[in-house]
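Each chain, written out:
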Amino acid sequence: MPERKTPMDALDDVDAVTRAVLTASRLLVAVSARSLAAVEERVTLAQFRMLVVLATRGTTKLVALAELLQVAPSTAMRMVDRLIAAGLADRQPNPDNRRETLLRPTEEGRRIVADVTAGRRAEIAAIVERLRPTERLALIEALNAFNEAGGEPPAPGADDPEPHPLGWIVDGSMAHEI
C-alpha cells in the first residue's frame, strides 16, 4: 500500500477535513446500501429504520415511534401496517391504556436487522483490515472525536450483547440516519 502523506497546511484546513469526511460518508453510504440490498425487496430504507428502532427499543408506543423517526403518527401507522403485512412487526393494544397501540418487531424483523447489521459490520471490518495498525489507531481517535463532536453515541462491539444505538440523534436540533 502506498504511503499517504498529509501536507502540514492541511492539519488545520476545515475544508480538507470536510472533503475527507464527505468522501468517507459516501463510502459508508455505499456499504449501507449494499447491506440493505439483500432485503430491499422486503423493506424500504424508511421501514428498515423503523425496524431498527423497534429492535433497539423493544415494544414501543406508536406516538413514541413517530417521534423517534420524526414523522407524523399517521405516517408511522402506514409504515407499521406495511411491516405487519410483511410479517416483520406486530401490534397489540396497550393493556394499561386501550387507546394506545404497542408495536414490536417479530422474530423475522429482528433477524433482518441483525443480518443487515452483521453484513455492514463485516464489510467495514474488511476495509479496516486493509489499513496499517497506525492508521487504524489514528482512525479510531479521529472518528471518536468526530462522533463526540456530533453527539453520536458509540456503537457496541461485535460481541456486545446490548442492542446497537439507533444511529441518529433526536434531540430537536440534530437527526442522523443510519
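Keep in mind that this is a model prediction, so the values were computed, not measured.

Caption draft 1: Spotlight on the packing of helix α3 (residues 62–69) against helix α4 (residues 73–85). For the pair α3 and α4, the least separation of the axes is 9 Å and the interaxial angle reads 100°. Relative to α4, α3 is oriented roughly perpendicular. Only Pro-73, Ala-76, Met-77, Met-79 and Val-80 of α4 make contact with α3, whose side of the interface consists of Leu-62, Leu-65, Ala-66 and Leu-69. Along the lines of polarity and charge, the residues of the contact of α3 with α4 split into 9 nonpolar, no polar and no charged.

Caption draft 2: How the structure looks around the sheet that holds strand β1 (residues 60–61). Spatial ordering of the open sheet is given by β1-β3-β2, a layout of 3 strands whose pairing is antiparallel. Since the sheet does not close on itself, it has two edges, and those belong to β1 and β2 (89–94), each with one partner. Where β1 lies against strand β3 (residues 97–105), 2 bridges are found, and the strand directions are antiparallel. For Lys-61, the partnering residue across the bridge sits in β3 and is Leu-102. Sheet contacts for α4: β2 and β3; angle to β2, the most-contacted strand, approximately 120°.

Reading guide: rules and limits
- Residues numbered from 1 in each chain as written.
- Predicted model: local features only at pLDDT ≥ 70, side-chain atom pairs only at ≥ 80, totals over all residues.
- Heavy atoms only, no water.
- Axes fitted to C-alpha atoms, helices over the stretch in contact; angles between N-to-C directions.
- Helix = DSSP H or I, 4+ residues; strand = E, 2+ residues; numbered from the N terminus.
- Parallel < 35°, antiparallel > 145°, perpendicular 65-115°, else oblique.
- Contact = heavy atoms within 4.5 Å.
- Nonpolar A, V, L, I, M, F, W, Y, C, P; charged D, E, K, R; others polar.
- Pairing = 2+ DSSP bridges.

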